[in-house]
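Residues per chain, in single letters:
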Amino acid sequence: MRWGGPLATLAAALAVAVASCTPTAPPPAPTPVPPETPAAPSPAPSPSPPPSPSPDTAPSAAPEAQGPAEPWIRLGLAVGAPGVGISGPLGLRVTDPAGASLAVIPAGEVWRVTIGGTGLVARAPGGASTTPSATLEITSPSPGAFVQVNGRPYRGAITALRDRAGVTVVDRLPMESYLVGVVSAEMGRRSLVEQEALRAQAIVSRTFALRNLRRWQAQGFDLYATVADQVYGGAGSETPEGREAVAATRGRILTYGGAPIDAFFYSTCGGRTADGPEVFRAATRPYLRSAADVAEDGTAYCSVSPRFRWHEEWSGEALRATLQRTLPALPGAAAGSAAGDVSEVRDVRVSSRTPSGRVGQLTIGLPRGDVHVEGPQVRRVLRPLSGELLRSNVFTLTVSGSGHRVSRLAADGAGAGHGVGFCQWGAVGRARTGQGHARILAAYYPGAVLERLY
Ligand SMILES: [Zn+2]
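The structure reproduced in this document is the subject of the present report. These numbers come from a predicted model, not from an experiment.

### Quick notes on helix H8 (residues 424-432)
One full turn of an α-helix is made of 3.6 residues, so residues set three or four places apart face in the same direction.
Then step 1. Most of H8 sits out of view: eight of its nine residues are buried.
Then step 2. Inspection of H8 places Gln424, Trp425, Gly426, Ala427, Val428, Gly429, Arg430 and Ala431 among the buried residues, and these make up the whole buried set.
Then step 3. Two residues or fewer past H8, Gly434 is found with a positive phi of approximately 100°.

Put into structure tokens, the structure is as follows:
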């Protein structure tokens, strides 16, 4: 580990980030972030054992003598909710932001936080409610106990804020405790030989969180707890493997030029990762460049993924109905006026490919002319019947038709996600061949430096 130069800068930056949890902090500099979500390699198949209380719970607003302290993070669990149920196995305290007690909720009793008066109220099962407050602080009387939100347990403290549409629910907790919930939810249950992949994911997720602290500051939190940022399942999703991976990599992040990198990640690259700018216009980072994700024997490391290869198809009618929905939703005039008439689909073809082989432009023939869909929009337009995004931009098309009408479209594809940066299933494949987390990370973020921040 290096402790000079860039790290000193980093430590100072982190101290600012930690101190700036106060409302008077200046707004953050905009940070490029992935608009799309990583997908978990596999869902956690079984409930995890009861998690042990987090040992590191002391907040700190200033760096300690030997380096910066562990930062805290605020997760948006809900935004605009009409109401939310809260309970605690040891009961809960409800206070206003100044610390004045508003209610004491008995153990096991579920109260409901809803809009009331000019703010929010917490309502008992019997109907009695607290005086309204714009913000409610909800804590357990014991630091180790959870707060249940709609039945799901969370570590740390819960804040309910009145927003324009309803209730915003925020979970505030130490970074490392948060990461256990992320790594467990992102990677699911994994075997011992795959542990280095989880350690790599822990470093990626820590770097992502630090880089994007205060991303949603205007809404009162740092990151969403969903695929919009990275999936955080709370205490209920924690696994022993996730806990070990976070503890073994405590405080370690990836940097470039002394700053945390943009740690893009996704499920499965399909055999070759993408260059940053292929997917995100501004992502011209030296450490985000296309590389083969393939072992010496020619096997793709992410061939262990259930989404390594996929197939989708649409009947002529399903294709027409899909495009009728998705083309008008394209941002701006991307689709042009021709997209106004989707009464008939005459052709769909790949009109350009990116250097890594992904679809760079899709051209759709419609009655009023061709519509060109650029690479980053393709997965939103050519949606499967499920309505979700198309799995990746790595595909070939087979078109069947009679006359000037497409009667069937088939896509044969590879991978899941945007393909920039860390390939989660590739990391699993690499761990199985004995690669350590440092080597795995170097493969997906070439030139980035692994450093210990706290
Ligand atoms: Zn891969």
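### Some words on the environment of Ser177
Then step 1. By secondary structure assignment, the location of Ser177 is in helix H2 (residues 175-187).
Then step 2. On the basis of neighbour count, Ser177 is assigned to the buried category, with 25 C-beta atoms found within 10 Å.
Then step 3. For Ser177 and Arg155, which are 22 residues apart along the polypeptide, the C-alpha to C-alpha distance reads 7.7 Å.

### Topic: the sheet that holds strand E19 (residues 369-374)
Then step 1. The strand order across the open sheet formed by three strands is E17-E18-E19, and the pairing between neighbours is antiparallel. One side of each edge strand has no neighbouring strand; the edge strands of this open sheet are strand E17 (347-353) and E19. With direction set aside, neighbouring strand axes in the sheet form an average angle of 25°.
Then step 2. Of the strand pairs in this sheet, strand E18 (residues 359-366) and E19 are connected by six bridges, and their pairing is antiparallel. Across the sheet, residue Gln361 finds its bridge partner in E19, namely Glu374.

### Focus on the packing of helix H3 (residues 195-211) against H8
Then step 1. Packing of H3 against H8 leaves a shortest axis separation of 7 Å and a crossing angle of 140°. Taken together, the axes of H3 and H8 are oblique relative to one another. As for how H3 packs across H8, the hand of that crossing is right-handed. Residues Gln195, Glu196, Ala197, Ala200 and Gln201 of H3 pack against Gln424, Ala427, Val428 and Ala431 of H8.

### A few points about the sheet that holds strand E21 (residues 405-414)
Then step 1. Pairing is antiparallel in the open sheet, where three strands are placed in the order E16-E21-E20. Sheet topology places strand E16 (309-315) and strand E20 (395-402) at the edges, where each strand pairs with a single neighbour. Neighbour to neighbour, the strand axes of the sheet diverge by 15° on average, direction disregarded.
Then step 2. Contacts between helix H6 (residues 316-326) and the sheet are confined to E16 and E21, with E16 contributing the most and set at about 95° to the helix.

### With respect to the packing of H3 against helix H9 (residues 437-444)
Then step 1. Where H3 meets H9, the closest approach of the two axes is 8 Å, and the angle between their N-to-C directions is 60°. With respect to each other, H3 and H9 are oriented oblique. Two packed elements cross with a definite hand, and for H3 against H9 that hand is right-handed. Along its contact with H3, which presents Glu196, Ala197, Arg199, Ala200 and Ile203, the element H9 presents His437, Ile440 and Leu441.
Then step 2. Of the residues assigned to the contact of H3 with H9, the class counts are five nonpolar, one polar and two charged.

### A few points about the pairing of strand E3 (residues 92-95)
Then step 1. Only one face of E3 is covered, namely the one carrying Leu92 and Val94; the face carrying Arg93 and Thr95 has none of its residues buried.
Then step 2. Looking at chain direction, E3 and strand E4 (residues 101-105) are connected through four bridges and run antiparallel. Looking at the pairing, Leu92 lines up with Ile105 of E4.
Then step 3. In this antiparallel pair of consecutive strands, E3 and E4, the connection spans five residues, and Gly99 shows a positive phi of 95°.
Then step 4. Inspection of the sheet shows E3 paired to strand E7 (residues 135-139) by three bridges, in the antiparallel sense.

Criteria and cut-off values
Residues numbered from 1 in each chain as written. Predicted model: local features only at pLDDT ≥ 70, side-chain atom pairs only at ≥ 80, totals over all residues. Buried ≥ 20, exposed ≤ 12 C-beta atoms within 10 Å, placed from the backbone. Helix = DSSP H or I, 4+ residues; strand = E, 2+ residues; numbered from the N terminus. Pairing = 2+ DSSP bridges. Axes fitted to C-alpha atoms, helices over the stretch in contact; angles between N-to-C directions. Parallel < 35°, antiparallel > 145°, perpendicular 65-115°, else oblique. Left-handed = near helix turned anticlockwise from the far one by under 90°. Contact = placed C-beta atoms within 7 Å. Nonpolar A, V, L, I, M, F, W, Y, C, P; charged D, E, K, R; others polar.

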